[in-house]
Amino acid sequence: MEIRTLRAFVEVVRQGGFSQAAKAVSATQSTISKAVKQLEDEIGVPLLDRIGHRSRLTAAGEIVLHRAQRILTEREDLIAELGELRGLKRGTLRLGLPPVGSDVLFAPLFAVYSKRYPGIDIRLVEYGSDRLEEVLMSGEIELAASLLPVSDGFEWQEVKREPLTVLLAPDHPLARRRSLDLAALREQPFILFESGFALNRIILEACHRRGFEPTVVARSSQIDFIVALAATGMGVAFLPRMIAEQRKHRSVARVRLAETDTDWRIAMIWRRGAFLSHAARVWLDLVATTRVPPLVPAKQRHAAAKR
């Protein structure tokens, strides 16, 4: 049983199909199909039930997926640990960051990290928090930034805690409030992020605890587009306070969400008990000790640049 066939199989399941998996690993669809077929031949049972262009796991596939993820994770840990033993001066930081908030929180740290450790290569992946946790658990990355709470399978180091801000059209009846709770938004249509963003989960679970299921009228992975949709009056949107301040829009009112259980708490997370490379450990130290400069709204930054 070869690592490449296990990796191909895991990627097909993760990406939801052969063509998507081929794109993710920069291979041809034929190569991925042959690798999965080879794995099935070695095991002697089908791992995927192919229905048209979609595939779903068989009972045997569920077992193999679980074991394959563990094998791939152990392999990455082994490589990292042996590298430490050999005292390599160069290294690789395998890091996952979400689209929301990373420009404010982590871009300044990247500059400091690269200056202090020029021999370390940063390999970055960018997904929503839920997807990042899957990639982290599979061993493809060592560290990820994700929203708390996380499962017991992870250890974490909190980075930032911010209340959420509700974005509304300025003529909205609720726009003049100093704060809002979710009960006041029960009848309002919601604009959320695409699936895979943990911020959605936080908002929806809070709504469920208050006994209602919000109507979702739009989803997007782009912060600016979500802000623009809120400006049209299509619905209400939600952003962490510091992100809302950064993405100020003249046609959007910002009102604090007065719900402590919806605070945006972002943390660096890693697999519980996993070996962390030198590159990962110094990143965690940097995040813990470096103060991020005060946020300057984009409009003020542009004005300062012209002076």
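The preceding data block contains the structure.
Treat the numbers as computed from the prediction; the structure is a model and nothing was measured. (Residues numbered from 1 in each chain as written. Predicted model: local features only at pLDDT ≥ 70, side-chain atom pairs only at ≥ 80, totals over all residues. Heavy atoms only, no water.)

**Student:** Summarise the overall build of the protein chain; cite the residues concerned and give the values.
**Tutor:** Looking only at helices and strands, one finds 12 helices and 13 strands in the protein chain. Principal-axis analysis of the C-alpha atoms places the extent of the protein chain at approximately 65 × 50 × 35 Å. Put simply, the protein chain has 307 residues, and 45% of those count as buried. Carbon and sulfur atoms provide 51% of the accessible area of the protein chain, an area that totals close to 16400 Å². Within the protein chain, one finds 45 positive and 36 negative side-chain charges whose respective centroids are separated by 7 Å. (Helix = DSSP H or I, 4+ residues; strand = E, 2+ residues; numbered from the N terminus. Buried < 20%, exposed > 50% of the residue type's maximum accessible area, 1.4 Å probe, protein only. Areas by Shrake-Rupley, 256 points an atom, 1.4 Å probe, with all protein chains shown as cover. Lys, Arg positive; Asp, Glu negative; His and termini not counted. Charge placed at Lys NZ, Arg CZ, Asp CG, Glu CD.)

**Student:** With reference to specific residues and values, describe the sheet that holds strand β6 (residues 154–162).
**Tutor:** In space, the 5 strands of this open sheet follow the order β4-β3-β5-β13-β6, with mixed pairing throughout. Where the open sheet ends on each side, the last strands, each with one partner, are β4 (120–126) and β6. When the angles between neighbouring strand axes are averaged without regard to direction, this sheet yields 20°. Alignment of strand β3 (residues 91–97) against strand β5 (residues 143–147), held across 2 bridges, turns out to be parallel. Counterpart to G96 in the pairing with β5 is A144. (Pairing = 2+ DSSP bridges. Axes fitted to C-alpha atoms, helices over the stretch in contact; angles between N-to-C directions.)

**Student:** Requested: an account of the side chain of E11, with residues and values cited.
**Tutor:** By secondary structure assignment, the location of E11 is in helix α1 (residues 3–15). Those residues within four positions of E11 in sequence are excluded, and the remaining contacts are A21, A24, V25, R131 and E140. (Contact = heavy atoms within 4.5 Å.)

**Student:** Describe empty space enclosed by the protein, naming the residues involved and giving the relevant values.
**Tutor:** Here the structure, examined in full by the defined rule, presents 2 cavities of 30 Å³ or more. Reported here for the largest cavity is a volume of approximately 80 Å³. If you trace the largest cavity, you find it lined by P98, P99, V100, G128, S129, L147, F197, A198, L199, W264 and I266. For the lining of the largest cavity, the secondary structure elements donating two or more residues are α8 (198–209) and β13 (264–271). Class assignment of the residues belonging to the lining of the largest cavity gives a composition of 9 nonpolar, 2 polar and no charged. Computed from the structure, the second largest cavity encloses a volume of approximately 30 Å³. (1 Å grid on protein atoms, 1.4 Å probe; cavity = no way out; pocket = protein on both sides within 12 Å on 5 of 7 lines; lining within 4 Å. Points joined across faces, edges and corners; volume = space filled by probe spheres on them. Nonpolar A, V, L, I, M, F, W, Y, C, P; charged D, E, K, R; others polar.)

**Student:** Summarise the packing of helix α6 (residues 107–116) against helix α11 (residues 278–289); cite the residues concerned and give the values.
**Tutor:** Close contact between α6 and α11 brings their axes to 11 Å; oriented N to C, the two are set at 130°. As judged from the angle between their axes, α6 and α11 are oblique. Helix-helix and strand crossings are classified by hand; for α6 and α11 the assignment is right-handed. On α11, the residues touching L109, F110, V112, Y113 and R116 of α6 are A279, V282, W283, L286 and V287. Counted by class, the contact of α6 with α11 contains 9 nonpolar, no polar and 1 charged residues. (Parallel < 35°, antiparallel > 145°, perpendicular 65-115°, else oblique. Left-handed = near helix turned anticlockwise from the far one by under 90°.)

**Student:** I'd like to hear about the nonpolar core, residue by residue, with values.
**Tutor:** Formed by 64 residues in total, the largest nonpolar core has its most connected members in L143, L185 and W283. Setting aside its immediate chain neighbours within four residues, W283 contacts L93, L95, F106, L109, F110, Y113, L143 and M268. (Core = buried A, V, L, I, M, F, W, Y, C linked by side-chain atoms within 4.5 Å.)

**Student:** Lay out the sheet that holds strand β7 (residues 164–168) with the relevant residues and their values.
**Tutor:** Here 6 strands make up an open sheet; going across it, the order is β8-β12-β7-β11-β9-β10 and the pairing mixed. Looking at the sheet topology across the chains shown, the edges are occupied by β8 (179–180) and β10 (216–220). Seen against the sheet, α8 touches β7, β9 (190–193), β10 and β11 (236–240) and runs at an angle of roughly 140° to β9. Sitting on the sheet, helix α9 (residues 223–231) is in contact with β7, β9, β10 and β11, with an inclination near 180° to β9.

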